[in-house]
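Working through the structure, step by step
Listed below, chain by chain, are the residues.
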Amino acid sequence: AQSVAQPEDQVNVAEGNPLTVKCTYSVSGNPYLFWYVQYPNRGLQFLLKYITGDNLVKGSYGFEAEFNKSQTSFHLKKPSALVSDSALYFCAVRQAGTALIFGKGTTLSVSS
Amino acid sequence: NAGVTQTPKFQVLKTGQSMTLQCAQDMNHNSMYWYRQDPGMGLRLIYYSASEGTTDKGEVPNGYNVSRLNKREFSLRLESAAPSQTSVYFCASSGWAGMNTEAFFGQGTRLTVV
């Protein structure tokens, strides 16, 4: 069975500093990996995905993620955090023919 | 651009009452999903429909039923609501499973069972 782990409930970073939100996954075959963001009282918005190809994926709002097959990780990164990046971030995994499974989420707090 | 539309947005039920949450998408997606979101639990899959005419149980299906009415619509029914079903419910849709496209989400239904 596929699963996703986000080891940090909360990540705190100062504005202008780089940020990393961690994600590890477990699947039996090739993974399809996604990051979503949720702002308060809103639905989920897609940020980026890894399907195949280049291990570094670029997405919306300056975010990027690095796929590491040997470490089964897909960490979300941004070179310079903004206060407006503060939100709840979800990592998700899917295999072909299956449903999208989410991690428990990581709250990102960016201070000014 | 409607995307995924859920109704209602808010609902309060008494224990034992029934209700149906409606979801419709206009993106011609084959796959549709129902999730519930609880604090500290992330999004947990209730039911999944890979295509019209098929449904599969997810992680937390007990107390729920679903109907994939047609390609556009996927409803979630609570036959006898319990306080443990107090949650925020999200419907989502995506391209056919084999295409591995991202899922698009509705705005959610906040359900309180008293």
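Residues numbered from 1 in each chain as written. Chains lettered and ligands numbered in written order. Predicted model: local features only at pLDDT ≥ 70, side-chain atom pairs only at ≥ 80, totals over all residues. Heavy atoms only, no water.

Quick look at the packing of aromatic side chains now. Tallying each qualifying case throughout the model produces 14 aromatic pairs over all chains. Ring geometry for Y36 of chain A versus F46 of chain A: centroids 5.9 Å apart, planes at 70 degrees, classification edge-to-face. Of this pair, Y36 of chain A sits in strand 5 (residues 32-38) while F46 of chain A sits in strand 6 (residues 44-50), placing them ten residues apart in sequence. Assessed through its relative accessible area of 24%, F46 of chain A is described here as partly exposed. Geometrically, the ring pair formed by F63 of chain A and Y89 of chain A is tilted, given 5.6 Å between the ring centres and 50 degrees between the ring planes. With a gap of 26 residues between them, F63 of chain A in the loop between strand 7 (56-58) and strand 8 (64-68) and Y89 of chain A in strand 10 (residues 87-94) connect regions that are remote in the sequence. You can call Y89 of chain A buried: its relative accessible area is 0%. Through successive ring pairs, a cluster of aromatic residues spans Y36, F46, F90 and F102 of chain A together with Y33, Y35, Y48, F90 and F105 of chain B. (Phe/Tyr/Trp six-rings, centres within 6.5 Å; stacked < 30°, edge-to-face > 60°. Helix = DSSP H or I, 4+ residues; strand = E, 2+ residues; numbered from the N terminus. Buried < 20%, exposed > 50% of the residue type's maximum accessible area, 1.4 Å probe, protein only.)

Pairing is possible between side chains that carry opposite charge, provided their charged atoms lie close to one another. All names here are of chain B. According to the stated counting rule, one finds seven salt bridges over all chains in the structure shown. In this structure, the salt-bridge partner of R36 is D38, at a minimum N-O distance of 2.9 Å. Judged by relative accessible area, R36 falls into the buried class, the value being 8%. Look at D38 and you get buried, because its relative accessible area is 11%. Within this structure, R36, D38 and R44 form a network of salt bridges that share partners. (Salt bridge = Lys/Arg side-chain N within 4 Å of Asp/Glu carboxyl O.)

Once that is clear, we can look at the sheet that holds strand 7 (residues 64-68) of chain B. All names here are of chain B. What the four strands build is an open sheet, ordered 1-3-8-7; its pairing is antiparallel. If you trace the sheet from one side to the other, it starts and ends with strand 1 (4-7) and strand 7, each paired once. Going from strand to strand, the sheet's axes swing by 15 degrees on average, the running direction of each strand aside. (Pairing = 2+ DSSP bridges. Axes fitted to C-alpha atoms, helices over the stretch in contact; angles between N-to-C directions.)

To continue, consider the interface of chain B and chain A. Each partner contributes to the interface: chain B provides 23 residues, whereas chain A provides 24 residues. Summed over both partners, the interface of chain B with chain A buries about 1,700 Å², with 53% contributed by carbon and sulfur atoms. Joining chain B to chain A, the criterion identifies one salt bridge. Where chain B packs against chain A, one counts seven residue pairs in polar contact (both at pLDDT 80 or more). Of all the elements in the fold, those that place two or more residues in the side of chain B that touches chain A are strand 4 (31-38), strand 5 (42-49) and strand 9 (87-94) of chain B. (Contact = heavy atoms within 4.5 Å. Buried area = accessible area lost by both parts, 1.4 Å probe. Polar contact = N/O pair within 3.5 Å; in protein donor to acceptor, adjacent residues only side chain to side chain.)

On to the environment of P61 of chain B. Its place among the elements puts P61 of chain B in the loop between strand 6 (56-57) and strand 7. Measuring from C-alpha to C-alpha, the distance between P61 of chain B and P83 of chain B comes to 15 Å, with 22 residues separating the pair along the chain.

On to the pairing of strand 3 (residues 19-25) of chain B. Residues and elements named next belong to chain B. For strand 3, the tally of buried residues reaches five of seven residues, placing the bulk of the element in the interior. Pairing of strand 1 with strand 3, which is carried by four bridges, proceeds in the antiparallel orientation. In the sheet register, T7 faces strand 3, and the bridge partner there is Q22. Bridging between strand 3 and strand 8 (residues 74-78) involves three bridges; their strand directions are antiparallel. Paired with L21 across the two strands is L76, which belongs to strand 8.

Residues and elements named next belong to chain B. With eight of eight residues buried, strand 4 lies mostly within the body of the structure. Taken together, the seven bridges between strand 4 and strand 9 define a ladder with antiparallel strand orientation. Considered in strand 9, the bridge of S31 is made with S94. Summarising the sheet, strand 4 and strand 5 pair through seven bridges and their orientation is antiparallel. Looking at strand 5, one finds that Y33 is bridged to Y48. Joining the antiparallel neighbours strand 4 and strand 5 is a turn of three residues, in which G40 adopts a positive phi near 75 degrees.

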